[in-house]
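# Observations on the model geometry
Take a look at the letters that make up each chain.
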Amino acid sequence: MGKFDLFNKFYSAVIVVDESKNVVFKNNVFKRVFADFETLEKFSHKLNYNVCALVSNDVEVHSPINQAIKSLQDFSAHVLYQSSGSDYSYYDMSSTKKGSYTIIVFTDVTAKIGLEKSIARNQAYQKKITLLEADNKNLSKVKQQAQSQAMKLLLLNNISNIIRSSIDSSHIINSALDELSNLFGAFRAYYAVYSKDMQAYIINESLQKRDIGRKITFDKETEKVISLGKVFCASCMKEFIEAKPFNELVQRVILPIYHLDNRLGIIVILTKQKTRFDDALEVLDGVSTQLGNAIIQAELYEKDARMVKELKRTLNELQDTQLKLINSEKMASLGQLVAGVAHEINTPIASIKSNNEIATKLISKLKDESVSELLDEINNIDKEAIARINSLVVSLRKFVRLDEADLQDADINKEIDLTLDLIRHETKNRIKVIKNYGEIPLIKCYPNMLNQVFMNILVNATHAIDGEGIITIDTLFEKNELIVKIKDNGCGIKEPEKIFFAGYTTKGVGVGTGLGLAISQKIIEKHDGKIEVFSKINEGSEFVITIPSK
């Protein structure tokens, strides 16, 4: 029996590591739970703190395994393990030092954490249910109080339906004004809102709609009753202090609208009916409460809707900015790299070119014709190679030129040829490129950006072709629009509708970033154009770029 076999009786996963970070023992539970274990380093990369409060550039600080091994004392932590894809497990990890060995125990608490989360969700749901039940009870009480009279019941039902069917504060108020006008036979009804300095301003009118925005004030006795939050009716000769007198006495009903202790506004109803409305005033207290709650809820919803809309707009801007920053940084880095490489290449090429010219002069002076012809042939091959290298350096410099600040007149056919020249190593002796170029005028654009789009699409096309294949490029100018079509006979795309999402890639892990086509789409949108993809599995893909001429 080995000295660590005792751990095979544990219900938890156990691993033993020596001071050189070599795994010397894994118990049976560990082998079963972590069946994908390969090396301690890879295992450590899949293991993270469930909650990490440390901020450090030291990678080892964020690795529970490294911390356990380095710790001179017993060590414990709550950790999260990502086995594959989006599958996560939670463990209580503890380690003990025994001589030169570190014994690390992993206790699975995934179910426990899941239960805690479920309990928290259930409590939240229960709280919501309790709040909804409370609201329903309040509504039921108001309805029960209104059942004594048909008029009260009709009013409450109608206004309650308005509140439930709408989340627009203006619609709720206007509908309530209409209902109250019908109830009292009013010739005027309006809603005035209170400002921070407690001045009332008319903002909604049901009938005449003549005083929107007008400030109104009442006598001290009326103001005192309003401050108590009670509905009241009284005969008057003036609607408010600033108004002209009526020709006869009218009844004025004032319905203060409160939310908790906050006075939101008042509803004023004017009628020439002589009937007393004492019974109706009783039910209006309930209407006042409902309207107060409904107005606040509607305003909160409208505020939330505006906030959500603003957040979505901000998120889209952030995503666009992120892609632009990534692309800008990548192109800037590429420009610096190409400039350095071009400089390094030009120095030896200049020397080789000089030697080539000297050799040409010397060869012409040789008397042995056979030797002279052989050396001349070799020298001509060198000249072609030098010309090819110079052409490649020039193409690289053109490709990464940083001219985003200004639109440039560009020959798109030549720009595509420039890109094809740069990816010649991907197509040479393997892929046939068919160019169907149309007669295209100079297009105002950002050439290096479009070159990047062409590069992304063409390189993806070469990668989609296994072995030999064909890439067809069509360019044309129709209806004042540039159209570029790039088609391949490769393997096709399984989910073409996702191809422009940032982070989505059809390539293997570590091969593609999923940003190329997302950035390409933003570049085309910067040109006020559009990019579309049409693809069939095992038949190939076609990208169609449309850019309006400016």
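The preceding data block contains the structure.
Rules and cut-offs
- Residues numbered from 1 in each chain as written.
- Predicted model: local features only at pLDDT ≥ 70, side-chain atom pairs only at ≥ 80, totals over all residues.
- Heavy atoms only, no water.
- Helix = DSSP H or I, 4+ residues; strand = E, 2+ residues; numbered from the N terminus.
- Buried < 20%, exposed > 50% of the residue type's maximum accessible area, 1.4 Å probe, protein only.
- Contact = heavy atoms within 4.5 Å.
- Areas by Shrake-Rupley, 256 points an atom, 1.4 Å probe, with all protein chains shown as cover.
- Polar contact = N/O pair within 3.5 Å; in protein donor to acceptor, adjacent residues only side chain to side chain.
- Expected span 1.5 Å × (residues − 1).
- Axes fitted to C-alpha atoms, helices over the stretch in contact; angles between N-to-C directions.
- Left-handed = near helix turned anticlockwise from the far one by under 90°.
- Nonpolar A, V, L, I, M, F, W, Y, C, P; charged D, E, K, R; others polar.
- Phe/Tyr/Trp six-rings, centres within 6.5 Å; stacked < 30°, edge-to-face > 60°.
- Lys NZ or Arg CZ within 6 Å of the ring centre and 35° of its normal.
- Parallel < 35°, antiparallel > 145°, perpendicular 65-115°, else oblique.
- Core = buried A, V, L, I, M, F, W, Y, C linked by side-chain atoms within 4.5 Å.
- Pairing = 2+ DSSP bridges.
- Salt bridge = Lys/Arg side-chain N within 4 Å of Asp/Glu carboxyl O.

On a plain count of helices and strands, the chain comes out with 13 helices and 19 strands. A burial count over the chain gives 38% of its 550 residues as buried. Long-range contacts, defined here as pairs at least 24 residues apart, represent 57% of the contacts in the chain between residues at least 6 apart. Carbon and sulfur atoms form 54% of the exposed surface of the chain, whose accessible area is close to 32700 Å².

Within the secondary structure, glutamate 415 sits in helix α10 (residues 412-422). One polar contact links glutamate 415 to asparagine 451, side chain to side chain, over a distance of 2.8 Å.

Take helix α6 (residues 169-184) next. Structural remark: α-helix, 3.6 residues per turn; residues separated by three or four positions point the same way. Between its first and last C-alpha atoms α6 spans 23 Å; for 16 residues at 1.5 Å apiece the expected length is 22 Å, and the two agree. A positive backbone phi angle near 60 degrees is found at glycine 185, which sits one or two residues after α6.

Glancing now at the environment of isoleucine 173. Relative to the helices and strands, isoleucine 173 resides in helix α6. A relative accessible area of 6% means that isoleucine 173 is categorised as buried. Sequence spacing of isoleucine 173 and isoleucine 267 is 94 residues, and the spatial spacing of their C-alpha atoms is 9.1 Å. Look past the residues within four positions of isoleucine 173 in its chain and what remains in contact with it is Tyr191, Asn204 and Ile295.

Turning to the packing of helix α12 (residues 447-464) against helix α13 (residues 516-526), a few remarks are in order. Running from amino to carboxyl end, α12 crosses α13 at an angle of 145 degrees, the nearest separation of the two axes being 9 Å. Two packed elements cross with a definite hand, and for α12 against α13 that hand is left-handed. On α13, the residues that touch Met449, Leu450, Gln452, Val453, Asn456, Ile457 and Asn460 of α12 are Gly516, Leu517, Ile519, Ser520, Ile523, Ile524 and Lys526. Per-class residue counts for the contact of α12 with α13 are eight nonpolar, five polar and one charged.

What follows concerns the packing of aromatic side chains. Taken as a whole and judged by the stated rule, the model has 18 aromatic pairs. Members of the aromatic cluster, each reached through a chain of ring pairs, are Phe30, Phe34, Phe37, Phe43, Tyr81, Tyr91 and Phe106. The positively charged end of lysine 272 is found above the aromatic ring belonging to phenylalanine 187, 5.5 Å away from the centroid. We note lysine 526 situated over the ring of tyrosine 446; from NZ or CZ to the ring centre the distance is 5.0 Å.

To continue, consider the packing of α10 against α12. Across the interface, α10 lies against α12 with an axial gap of 9 Å and an inter-helix angle of 50 degrees. In terms of their interaxial angle, α10 and α12 are classed as oblique. When you trace α10 past α12, the crossing you get is right-handed. When α10 is examined against α12, the residues Ile412, Glu415, Ile416, Leu418, Thr419, Leu420 and Leu422 are found in contact with a partner set consisting of Pro447, Leu450, Asn451, Phe454, Met455 and Leu458.

Next up on the list: the nonpolar core. Of all hydrophobic cores here, the largest spans 38 residues; its most connected members are Ile412, Phe454 and Ile545. When near neighbours in sequence (up to four residues on either side) are disregarded, phenylalanine 454 contacts Ile412, Ile416, Thr419, Val484, Ile486 and Ile545. Counting residues in hydrophobic clusters, the runner-up holds 26 residues, among them Ala176, Ile267, Val287 and Ala294.

Below, the discussion takes up the sheet that holds strand β10 (residues 232-238). Across the sheet, which stays open at both edges, the six strands sit in the order β9-β8-β7-β12-β11-β10 with antiparallel pairing between neighbours. Single-partner strands in this sheet number two, and they are β9 (215-216) and β10. Note: strand β7 (residues 186-194) against strand β8 (residues 200-205), five bridges, orientation antiparallel. Residue pairing for β8: tyrosine 194 is matched across the bridge by alanine 200. Lying on the sheet, α6 is in contact with β7, β8, β11 (245-259) and β12 (262-271); it crosses β7 at an angle near 145 degrees. Where helix α7 (residues 220-227) meets the sheet, it contacts β7, β10, β11 and β12, and its direction lies at approximately 30 degrees from that of β11.

Attention now moves to the sheet that holds strand β6 (residues 101-108). Consider a sheet: its strands pair through backbone hydrogen bonds, and that pairing is either parallel or antiparallel. Pairing is antiparallel across the open sheet formed by six strands, whose spatial order is β2-β1-β6-β5-β4-β3. The two strands at the open ends of the sheet, each matched to only one other strand, are β2 (23-26) and β3 (47-49). Taking the axes of each pair of neighbouring strands and ignoring which way they run, one obtains an average angle of 30 degrees across the sheet. In this structure, strand β4 (residues 75-82) lies alongside strand β5 (residues 88-98), joined through eight bridges in antiparallel fashion. Residue pairing for β5: valine 79 is matched across the bridge by tyrosine 91.

A negative phi angle characterises most non-glycine residues, just as the trans form characterises most peptide bonds. A positive phi is found at lysine 479, a non-glycine position, where the angle reads about 50 degrees. Take lysine 479: it is sitting in the loop between β16 (469-478) and β17 (481-488). The phi dihedral of asparagine 480 is positive, around 65 degrees, even though this residue is not glycine. Note that asparagine 480 resides in the loop between β16 and β17. The class of asparagine 480 is partly exposed, set by a relative accessible area of 48%.

Using the criterion set out here, one finds eight salt bridges in the structure. Notably, a salt bridge pairs aspartate 409 with lysine 444, separated by 3.5 Å at the nearest N-O pair. Note that aspartate 409 is positioned in strand β13 (residues 408-410) and lysine 444 in strand β15 (residues 443-445), a separation of 35 residues in sequence. You can call aspartate 409 partly exposed: its relative accessible area is 47%.

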